[in-house]
Amino acid sequence: MQDYYRPVYHFTPRQGWMNDPNGLIQFRGTYHAFYQHNPYAPKWGPMHWGHAASRDLVHWEHLPIALYPDQDYETGCFSGSAVDNKGELTLVYTAHHDGRSPRETQCLALSRDGIYFNKYEKNPVIGGAPAGYSEEFRDPKVFHHGETWYSVVGCARENRGGVLLYRSKNLRQWDLAGRFCESSGDQGIMWECPNFFEIDGAWVLLVSPIDMEKARTIFITGEVDFEKPVFTQKRWRKADYGYDFYAPQVFTDDRGRRILFSWMDLWKGDFSTLTDGWAGALTFPRELFLENGVVCQRPVEELALLRKKELFSGPLSLLPGKRNNLSGIEGDCLEIAFTIPKNEAFLTMYLRASGDRKEKTVLSWDPSSRMFSLDKGHSGIGRPEKINIPLKEDGENDIDLRILIDRSSLELFLYGGKYTVTNWIFPQPSSFFYDIFAEGREISIPDMRIFELGLG
Ligand code: FRU
(Lines give C-alpha, C1' and ligand atoms only; values in the text may rest on other atoms or scores of the structure.)
Protein backbone atom coordinates (compact mmCIF):
# COMPACT_ATOMS: atom_id res chain seq x y z
CA MET A 1 0.00 0.00 0.00
CA GLN A 2 1.50 3.29 -1.16
CA ASP A 3 2.88 5.37 1.71
CA TYR A 4 1.02 3.33 4.30
CA TYR A 5 3.50 4.10 7.09
CA ARG A 6 3.10 7.87 6.89
CA PRO A 7 1.46 8.96 10.15
CA VAL A 8 -1.91 10.64 9.70
CA TYR A 9 -1.97 13.11 12.60
CA HIS A 10 1.75 13.48 13.27
CA PHE A 11 3.72 16.03 11.32
CA THR A 12 5.90 14.60 8.54
CA PRO A 13 7.80 16.35 5.74
CA ARG A 14 6.11 16.31 2.35
CA GLN A 15 9.17 14.69 0.87
CA GLY A 16 12.78 14.17 1.87
CA TRP A 17 14.33 13.95 5.27
CA MET A 18 13.62 15.68 8.57
CA ASN A 19 15.31 15.62 11.92
CA ASP A 20 15.18 18.07 14.85
CA PRO A 21 12.30 20.46 15.44
CA ASN A 22 13.66 24.02 15.26
CA GLY A 23 12.35 27.48 16.01
CA LEU A 24 9.11 26.40 17.70
CA ILE A 25 7.11 29.50 18.45
CA GLN A 26 3.65 30.97 18.57
CA PHE A 27 3.97 34.13 16.47
CA ARG A 28 0.97 36.47 16.16
CA GLY A 29 -1.27 33.68 17.39
CA THR A 30 -0.10 31.07 14.90
CA TYR A 31 2.08 28.12 15.86
CA HIS A 32 5.19 27.75 13.72
CA ALA A 33 7.35 24.64 13.53
CA PHE A 34 10.61 24.67 11.63
CA TYR A 35 12.68 21.56 11.26
CA GLN A 36 16.00 20.21 10.03
CA HIS A 37 15.28 19.23 6.47
CA ASN A 38 16.94 17.78 3.41
CA PRO A 39 14.36 18.34 0.67
CA TYR A 40 16.30 16.40 -1.97
CA ALA A 41 16.41 12.89 -0.51
CA PRO A 42 15.07 10.87 2.41
CA LYS A 43 18.45 10.89 4.12
CA TRP A 44 20.46 13.43 6.08
CA GLY A 45 22.17 15.92 3.72
CA PRO A 46 22.52 19.68 3.20
CA MET A 47 20.45 21.05 6.05
CA HIS A 48 17.65 23.48 5.32
CA TRP A 49 14.97 24.71 7.68
CA GLY A 50 11.61 23.30 6.61
CA HIS A 51 8.60 25.25 7.83
CA ALA A 52 4.96 24.60 8.74
CA ALA A 53 2.27 26.53 10.58
CA SER A 54 -0.81 25.62 12.56
CA ARG A 55 -3.63 27.37 14.40
CA ASP A 56 -4.33 24.46 16.73
CA LEU A 57 -1.14 22.33 17.00
CA VAL A 58 -2.74 19.44 15.11
CA HIS A 59 -3.59 20.68 11.61
CA TRP A 60 -0.38 21.80 9.88
CA GLU A 61 0.09 23.70 6.67
CA HIS A 62 3.37 23.33 4.81
CA LEU A 63 5.07 26.65 4.09
CA PRO A 64 8.03 27.46 1.83
CA ILE A 65 11.45 26.36 3.07
CA ALA A 66 12.58 29.09 5.48
CA LEU A 67 16.37 28.73 5.35
CA TYR A 68 18.62 27.47 2.56
CA PRO A 69 22.35 26.91 3.16
CA ASP A 70 23.12 29.65 0.64
CA GLN A 71 25.81 31.79 2.28
CA ASP A 72 29.58 31.42 2.00
CA TYR A 73 29.79 30.75 5.74
CA GLU A 74 27.51 27.67 5.67
CA THR A 75 27.07 24.31 4.03
CA GLY A 76 24.16 23.57 6.36
CA CYS A 77 21.72 25.54 8.49
CA PHE A 78 21.77 23.50 11.67
CA SER A 79 19.40 23.57 14.61
CA GLY A 80 18.30 26.63 16.52
CA SER A 81 15.37 28.53 17.91
CA ALA A 82 13.00 31.43 17.22
CA VAL A 83 11.98 34.49 19.20
CA ASP A 84 9.56 37.32 18.61
CA ASN A 85 11.63 40.52 18.87
CA LYS A 86 8.95 43.23 18.87
CA GLY A 87 7.22 41.84 15.83
CA GLU A 88 10.36 40.65 14.04
CA LEU A 89 10.48 36.88 13.90
CA THR A 90 14.13 36.11 14.59
CA LEU A 91 15.64 32.72 13.89
CA VAL A 92 18.86 31.99 15.73
CA TYR A 93 20.62 29.03 14.13
CA THR A 94 23.97 27.34 13.73
CA ALA A 95 25.73 27.91 10.42
CA HIS A 96 27.73 24.75 9.87
CA HIS A 97 30.55 24.76 7.34
CA ASP A 98 32.37 21.55 6.40
CA GLY A 99 36.02 22.24 5.86
CA ARG A 100 36.16 25.64 7.56
CA SER A 101 37.43 26.57 10.95
CA PRO A 102 35.59 27.41 13.10
CA ARG A 103 33.15 24.93 11.69
CA GLU A 104 30.12 26.12 13.65
CA THR A 105 29.04 29.71 14.25
CA GLN A 106 25.75 31.22 15.43
CA CYS A 107 23.70 33.30 13.00
CA LEU A 108 20.42 35.18 12.61
CA ALA A 109 17.68 35.22 10.00
CA LEU A 110 14.91 37.81 10.19
CA SER A 111 11.35 38.12 9.00
CA ARG A 112 8.45 40.51 9.38
CA ASP A 113 5.79 38.29 7.83
CA GLY A 114 6.87 35.01 9.46
CA ILE A 115 7.27 33.34 6.05
CA TYR A 116 10.22 34.87 4.16
CA PHE A 117 13.51 35.26 5.98
CA ASN A 118 16.64 37.31 5.31
CA LYS A 119 19.96 36.29 6.76
CA TYR A 120 21.38 39.07 8.92
CA GLU A 121 24.10 40.88 6.94
CA LYS A 122 26.52 40.88 9.86
CA ASN A 123 26.37 37.12 10.47
CA PRO A 124 27.79 35.39 12.38
CA VAL A 125 26.72 36.92 15.66
CA ILE A 126 28.81 34.42 17.63
CA GLY A 127 31.95 33.52 15.72
CA GLY A 128 32.88 30.17 17.22
CA ALA A 129 33.42 28.41 20.51
CA PRO A 130 35.71 30.00 23.12
CA ALA A 131 39.32 28.82 23.50
CA GLY A 132 39.62 25.41 25.07
CA TYR A 133 36.36 24.14 23.56
CA SER A 134 35.95 21.80 20.61
CA GLU A 135 34.47 23.04 17.35
CA GLU A 136 31.24 21.23 18.14
CA PHE A 137 29.33 24.32 19.15
CA ARG A 138 25.71 24.46 18.12
CA ASP A 139 21.94 24.58 18.55
CA PRO A 140 21.37 27.99 20.22
CA LYS A 141 18.15 28.18 22.21
CA VAL A 142 17.25 31.75 23.04
CA PHE A 143 15.01 32.88 25.88
CA HIS A 144 14.19 36.13 27.59
CA HIS A 145 14.71 36.57 31.31
CA GLY A 146 14.49 39.89 33.14
CA GLU A 147 15.66 42.54 30.66
CA THR A 148 18.04 40.25 28.87
CA TRP A 149 18.14 37.75 26.04
CA TYR A 150 20.02 34.58 26.88
CA SER A 151 21.14 31.76 24.65
CA VAL A 152 22.21 28.28 25.71
CA VAL A 153 24.53 26.68 23.17
CA GLY A 154 25.63 23.02 23.13
CA CYS A 155 29.38 22.47 23.42
CA ALA A 156 32.16 20.04 24.31
CA ARG A 157 35.39 20.36 26.25
CA GLU A 158 37.89 17.63 27.06
CA ASN A 159 35.39 15.04 25.91
CA ARG A 160 32.61 16.31 28.13
CA GLY A 161 29.34 17.65 26.89
CA GLY A 162 28.13 20.97 28.23
CA VAL A 163 26.22 24.17 27.68
CA LEU A 164 27.59 27.69 27.35
CA LEU A 165 25.43 30.68 28.27
CA TYR A 166 25.48 33.88 26.21
CA ARG A 167 23.83 37.23 26.94
CA SER A 168 22.53 39.96 24.69
CA LYS A 169 20.48 43.16 24.84
CA ASN A 170 19.51 43.20 21.17
CA LEU A 171 20.08 39.69 19.73
CA ARG A 172 22.86 41.16 17.50
CA GLN A 173 25.74 41.49 19.98
CA TRP A 174 26.37 38.58 22.26
CA ASP A 175 28.72 38.16 25.23
CA LEU A 176 29.81 34.91 26.71
CA ALA A 177 28.32 34.84 30.18
CA GLY A 178 29.93 31.59 31.26
CA ARG A 179 30.16 27.86 31.39
CA PHE A 180 26.63 27.16 32.40
CA CYS A 181 26.58 23.43 32.96
CA GLU A 182 28.73 20.44 32.11
CA SER A 183 28.52 16.67 32.11
CA SER A 184 29.27 15.21 35.49
CA GLY A 185 31.50 12.65 33.76
CA ASP A 186 29.13 10.03 32.44
CA GLN A 187 26.70 12.27 30.58
CA GLY A 188 28.19 12.15 27.10
CA ILE A 189 30.91 13.84 25.08
CA MET A 190 28.84 16.65 23.55
CA TRP A 191 25.41 18.08 24.38
CA GLU A 192 23.10 18.71 21.45
CA CYS A 193 19.96 20.80 21.35
CA PRO A 194 19.90 22.36 24.83
CA ASN A 195 16.67 23.91 26.14
CA PHE A 196 16.52 25.89 29.36
CA PHE A 197 13.15 26.82 30.83
CA GLU A 198 11.24 27.41 34.01
CA ILE A 199 8.26 25.30 34.83
CA ASP A 200 6.12 25.74 37.93
CA GLY A 201 9.04 27.44 39.70
CA ALA A 202 11.68 24.86 38.78
CA TRP A 203 14.46 25.39 36.20
CA VAL A 204 15.06 22.58 33.79
CA LEU A 205 17.84 21.92 31.31
CA LEU A 206 16.87 19.48 28.58
CA VAL A 207 19.72 18.12 26.44
CA SER A 208 20.47 15.31 24.02
CA PRO A 209 23.99 14.10 24.88
CA ILE A 210 26.13 12.26 22.34
CA ASP A 211 27.39 8.91 23.63
CA MET A 212 25.78 8.90 27.03
CA GLU A 213 25.50 5.30 27.98
CA LYS A 214 22.37 5.43 30.10
CA ALA A 215 20.14 7.78 28.15
CA ARG A 216 19.69 9.64 24.88
CA THR A 217 17.82 12.73 26.03
CA ILE A 218 17.63 13.96 29.60
CA PHE A 219 15.81 16.44 31.79
CA ILE A 220 18.20 17.93 34.34
CA THR A 221 16.70 19.75 37.30
CA GLY A 222 18.84 21.94 39.50
CA GLU A 223 19.60 25.41 40.71
CA VAL A 224 20.33 28.42 38.59
CA ASP A 225 22.41 31.45 39.43
CA PHE A 226 22.13 33.96 36.59
CA GLU A 227 24.84 36.18 38.12
CA LYS A 228 27.67 33.68 38.05
CA PRO A 229 26.08 32.30 35.81
CA VAL A 230 25.85 28.64 36.56
CA PHE A 231 23.30 25.87 36.62
CA THR A 232 24.03 23.28 39.29
CA GLN A 233 22.70 19.83 38.54
CA LYS A 234 20.64 18.15 41.20
CA ARG A 235 19.12 15.24 39.37
CA TRP A 236 18.63 13.93 35.85
CA ARG A 237 16.00 11.66 34.33
CA LYS A 238 15.44 10.12 30.94
CA ALA A 239 13.12 12.33 28.93
CA ASP A 240 11.67 9.28 27.16
CA TYR A 241 12.18 5.52 27.34
CA GLY A 242 11.69 4.73 23.65
CA TYR A 243 14.27 4.46 20.91
CA ASP A 244 12.85 7.06 18.61
CA PHE A 245 12.91 10.29 20.57
CA TYR A 246 15.75 12.77 20.14
CA ALA A 247 16.54 16.48 20.07
CA PRO A 248 13.22 17.77 21.48
CA GLN A 249 12.49 21.47 21.72
CA VAL A 250 10.24 23.24 24.23
CA PHE A 251 8.45 26.56 23.80
CA THR A 252 5.87 28.57 25.72
CA ASP A 253 2.58 29.43 24.06
CA ASP A 254 0.27 32.37 24.79
CA ARG A 255 -1.57 30.35 27.42
CA GLY A 256 1.72 29.82 29.25
CA ARG A 257 1.92 26.15 28.40
CA ARG A 258 5.36 24.58 28.05
CA ILE A 259 4.96 22.51 24.88
CA LEU A 260 7.46 19.92 23.68
CA PHE A 261 7.88 18.47 20.23
CA SER A 262 10.56 15.90 19.61
CA TRP A 263 12.01 14.43 16.49
CA MET A 264 10.68 10.90 16.08
CA ASP A 265 14.10 9.79 15.32
CA LEU A 266 15.04 7.51 12.47
CA TRP A 267 18.85 7.83 12.78
CA LYS A 268 19.25 4.22 13.66
CA GLY A 269 15.91 3.37 12.19
CA ASP A 270 14.68 0.78 9.83
CA PHE A 271 13.76 3.32 7.20
CA SER A 272 10.67 1.52 6.08
CA THR A 273 9.41 4.82 4.77
CA LEU A 274 12.40 5.53 2.55
CA THR A 275 10.89 3.88 -0.47
CA ASP A 276 8.07 6.39 -0.15
CA GLY A 277 10.56 9.24 -0.30
CA TRP A 278 10.38 10.66 3.20
CA ALA A 279 11.87 10.01 6.66
CA GLY A 280 11.26 11.41 10.14
CA ALA A 281 8.34 12.96 11.99
CA LEU A 282 7.52 15.10 14.99
CA THR A 283 6.03 13.55 18.09
CA PHE A 284 2.52 14.55 19.01
CA PRO A 285 2.87 17.86 20.93
CA ARG A 286 3.15 17.31 24.66
CA GLU A 287 2.42 19.66 27.51
CA LEU A 288 5.00 19.55 30.26
CA PHE A 289 4.11 19.88 33.91
CA LEU A 290 5.83 19.33 37.20
CA GLU A 291 4.75 16.66 39.69
CA ASN A 292 6.79 16.33 42.89
CA GLY A 293 9.75 17.96 41.18
CA VAL A 294 9.60 15.59 38.20
CA VAL A 295 8.93 16.83 34.67
CA CYS A 296 5.93 14.92 33.30
CA GLN A 297 4.36 14.93 29.84
CA ARG A 298 0.84 14.63 28.49
CA PRO A 299 -0.56 15.05 24.99
CA VAL A 300 -1.86 18.61 24.55
CA GLU A 301 -5.60 18.84 25.04
CA GLU A 302 -6.05 19.64 21.33
CA LEU A 303 -5.83 15.87 20.92
CA ALA A 304 -9.59 15.99 21.47
CA LEU A 305 -9.93 17.66 18.04
CA LEU A 306 -8.77 14.41 16.47
CA ARG A 307 -11.34 12.15 18.12
CA LYS A 308 -13.58 10.95 15.31
CA LYS A 309 -15.43 8.15 16.96
CA GLU A 310 -15.62 6.64 20.41
CA LEU A 311 -15.06 2.91 20.01
CA PHE A 312 -15.26 1.95 23.65
CA SER A 313 -16.11 3.62 26.92
CA GLY A 314 -16.70 2.11 30.32
CA PRO A 315 -15.40 -0.46 32.76
CA LEU A 316 -13.90 -3.67 31.49
CA SER A 317 -13.51 -6.81 33.44
CA LEU A 318 -10.78 -9.23 32.35
CA LEU A 319 -11.36 -12.79 33.43
CA PRO A 320 -8.33 -15.07 33.41
CA GLY A 321 -8.40 -17.33 30.36
CA LYS A 322 -10.68 -15.00 28.40
CA ARG A 323 -8.75 -13.31 25.59
CA ASN A 324 -11.14 -11.57 23.22
CA ASN A 325 -12.00 -8.66 25.48
CA LEU A 326 -11.50 -6.11 22.72
CA SER A 327 -13.15 -7.90 19.85
CA GLY A 328 -14.64 -5.35 17.53
CA ILE A 329 -11.90 -2.78 18.17
CA GLU A 330 -9.95 -2.35 14.97
CA GLY A 331 -7.78 0.41 13.59
CA ASP A 332 -4.39 1.95 13.06
CA CYS A 333 -5.05 5.48 14.37
CA LEU A 334 -6.27 5.13 17.92
CA GLU A 335 -6.14 6.64 21.36
CA ILE A 336 -6.45 4.09 24.14
CA ALA A 337 -6.60 5.15 27.79
CA PHE A 338 -7.18 3.12 30.92
CA THR A 339 -6.05 2.49 34.47
CA ILE A 340 -4.63 -0.69 35.91
CA PRO A 341 -5.77 -0.69 39.53
CA LYS A 342 -3.15 -1.40 42.13
CA ASN A 343 -2.54 -4.93 43.38
CA GLU A 344 -3.97 -6.46 40.24
CA ALA A 345 -2.84 -9.43 38.21
CA PHE A 346 -0.44 -9.83 35.33
CA LEU A 347 -1.84 -7.93 32.35
CA THR A 348 -0.97 -8.25 28.68
CA MET A 349 -2.08 -6.12 25.78
CA TYR A 350 -1.55 -6.73 22.08
CA LEU A 351 -1.42 -3.70 19.84
CA ARG A 352 -1.54 -3.77 16.05
CA ALA A 353 -1.94 -7.55 16.02
CA SER A 354 -2.48 -9.64 12.89
CA GLY A 355 -5.51 -11.92 12.58
CA ASP A 356 -3.42 -14.94 13.58
CA ARG A 357 -1.67 -12.91 16.34
CA LYS A 358 1.77 -13.81 14.97
CA GLU A 359 2.48 -10.14 14.46
CA LYS A 360 1.85 -7.93 17.48
CA THR A 361 3.40 -5.31 19.73
CA VAL A 362 3.12 -6.47 23.31
CA LEU A 363 2.61 -4.34 26.40
CA SER A 364 2.77 -6.08 29.72
CA TRP A 365 2.47 -5.27 33.36
CA ASP A 366 3.94 -7.55 35.99
CA PRO A 367 2.70 -6.47 39.41
CA SER A 368 5.11 -8.73 41.31
CA SER A 369 8.21 -6.94 40.00
CA ARG A 370 6.25 -3.78 39.19
CA MET A 371 7.74 -3.88 35.72
CA PHE A 372 6.04 -2.39 32.69
CA SER A 373 7.34 -3.49 29.31
CA LEU A 374 6.93 -2.93 25.62
CA ASP A 375 8.11 -5.75 23.41
CA LYS A 376 8.69 -5.07 19.73
CA GLY A 377 10.00 -8.56 19.03
CA HIS A 378 7.06 -9.38 16.73
CA SER A 379 5.97 -5.89 15.71
CA GLY A 380 6.70 -6.27 12.01
CA ILE A 381 9.66 -4.87 10.09
CA GLY A 382 12.39 -3.48 12.30
CA ARG A 383 14.48 -3.93 15.36
CA PRO A 384 13.18 -6.45 17.89
CA GLU A 385 13.69 -4.32 20.98
CA LYS A 386 12.19 -4.72 24.40
CA ILE A 387 11.84 -1.75 26.70
CA ASN A 388 11.45 -2.18 30.43
CA ILE A 389 10.25 0.49 32.79
CA PRO A 390 10.66 -0.41 36.45
CA LEU A 391 8.03 1.26 38.61
CA LYS A 392 9.31 -0.24 41.85
CA GLU A 393 10.16 3.10 43.37
CA ASP A 394 6.77 4.55 42.57
CA GLY A 395 4.88 2.91 45.40
CA GLU A 396 1.82 0.76 45.10
CA ASN A 397 -0.36 3.13 43.14
CA ASP A 398 -2.67 2.56 40.20
CA ILE A 399 -1.02 2.73 36.81
CA ASP A 400 -2.69 4.96 34.27
CA LEU A 401 -1.82 4.57 30.66
CA ARG A 402 -2.53 6.46 27.47
CA ILE A 403 -1.49 5.10 24.11
CA LEU A 404 -1.40 7.00 20.82
CA ILE A 405 -1.16 4.89 17.69
CA ASP A 406 -0.74 6.48 14.28
CA ARG A 407 0.00 3.99 11.50
CA SER A 408 3.70 3.48 12.29
CA SER A 409 4.12 5.52 15.43
CA LEU A 410 3.48 4.49 18.98
CA GLU A 411 3.57 6.86 21.95
CA LEU A 412 2.87 5.77 25.51
CA PHE A 413 2.21 8.03 28.46
CA LEU A 414 2.50 6.07 31.65
CA TYR A 415 1.93 6.79 35.29
CA GLY A 416 0.63 10.33 35.08
CA GLY A 417 3.04 11.06 32.25
CA LYS A 418 6.09 10.48 34.42
CA TYR A 419 7.27 7.95 31.87
CA THR A 420 6.84 8.15 28.12
CA VAL A 421 7.86 5.75 25.39
CA THR A 422 8.18 6.82 21.75
CA ASN A 423 8.75 4.25 19.05
CA TRP A 424 8.24 3.51 15.42
CA ILE A 425 6.65 0.18 14.56
CA PHE A 426 6.13 -1.17 11.06
CA PRO A 427 3.35 -3.76 11.16
CA GLN A 428 1.47 -4.87 8.08
CA PRO A 429 -1.51 -2.67 7.18
CA SER A 430 -3.83 -5.60 7.92
CA SER A 431 -2.54 -5.93 11.50
CA PHE A 432 -5.18 -3.81 13.14
CA PHE A 433 -6.49 -6.00 15.95
CA TYR A 434 -6.21 -5.49 19.70
CA ASP A 435 -6.35 -7.81 22.70
CA ILE A 436 -6.12 -7.25 26.41
CA PHE A 437 -6.16 -10.04 28.95
CA ALA A 438 -5.33 -11.01 32.51
CA GLU A 439 -3.38 -13.95 33.77
CA GLY A 440 -3.90 -15.69 37.08
CA ARG A 441 -6.59 -13.42 38.49
CA GLU A 442 -9.36 -11.16 37.31
CA ILE A 443 -8.58 -7.51 36.59
CA SER A 444 -11.24 -4.83 36.80
CA ILE A 445 -10.37 -1.87 34.63
CA PRO A 446 -12.60 0.97 35.78
CA ASP A 447 -12.33 3.30 32.82
CA MET A 448 -11.31 1.98 29.41
CA ARG A 449 -11.72 4.57 26.62
CA ILE A 450 -10.82 4.07 23.00
CA PHE A 451 -11.17 6.61 20.22
CA GLU A 452 -10.53 6.43 16.55
CA LEU A 453 -8.36 9.42 15.64
CA GLY A 454 -8.09 11.29 12.38
CA LEU A 455 -7.64 14.74 10.94
CA GLY A 456 -11.16 14.90 9.52
C1 FRU B 1 20.80 16.78 16.47
C2 FRU B 1 21.76 17.47 15.50
C3 FRU B 1 22.07 18.88 15.98
C4 FRU B 1 22.45 19.58 14.70
C5 FRU B 1 21.50 18.94 13.71
C6 FRU B 1 22.06 18.78 12.32
O7 FRU B 1 20.08 15.76 15.87
O8 FRU B 1 22.93 16.71 15.34
O9 FRU B 1 23.07 18.96 16.97
O10 FRU B 1 22.30 20.95 14.77
O11 FRU B 1 21.16 17.66 14.23
O12 FRU B 1 21.08 18.33 11.44
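Residues numbered from 1 in each chain as written. Predicted model: local features only at pLDDT ≥ 70, side-chain atom pairs only at ≥ 80, totals over all residues. Heavy atoms only, no water.

1. What about the overall build of the protein chain?
- The number of helices and strands found in the protein chain is zero helices and 33 strands.
- Against the 2.2 N^0.38 benchmark of 23 Å for 456 residues, the protein chain shows a C-alpha radius of gyration of 22 Å, consistent with a compact globule.
- Dimensions of the protein chain along its principal axes, counting C-alpha atoms only, are 70 × 45 × 40 Å.
- A burial count over the protein chain gives 61% of its 456 residues as buried.
- The long-range fraction of contacts in the protein chain, counting pairs at least 24 apart against all pairs at least 6 apart in sequence, stands at 57%.
- Accessible surface, the protein chain as shown: approximately 18000 Å² in total, 47% of it carbon and sulfur. (Helix = DSSP H or I, 4+ residues; strand = E, 2+ residues; numbered from the N terminus. Rg over C-alpha atoms; globule rule 2.2 N^0.38 Å. Buried < 20%, exposed > 50% of the residue type's maximum accessible area, 1.4 Å probe, protein only. Contact = heavy atoms within 4.5 Å. Areas by Shrake-Rupley, 256 points an atom, 1.4 Å probe, with all protein chains shown as cover.)

2. Overview of the sheet that holds strand E10 (residues 148-157)
- If you trace the four strands from one edge of the open sheet to the other, you get E9-E10-E11-E12, paired in antiparallel fashion. Because the sheet does not close on itself, it has two edges, and the strands there are strand E9 (138-145) and strand E12 (175-182). Between one strand axis and the next, the sheet turns by 30° as a mean value, whatever way the strands run.
- Sheet analysis places E10 next to strand E11 (residues 160-168), joined by nine bridges and oriented antiparallel. Across the sheet, the residue bridging to Val153 is Leu164, located in E11. (Pairing = 2+ DSSP bridges. Axes fitted to C-alpha atoms, helices over the stretch in contact; angles between N-to-C directions.)

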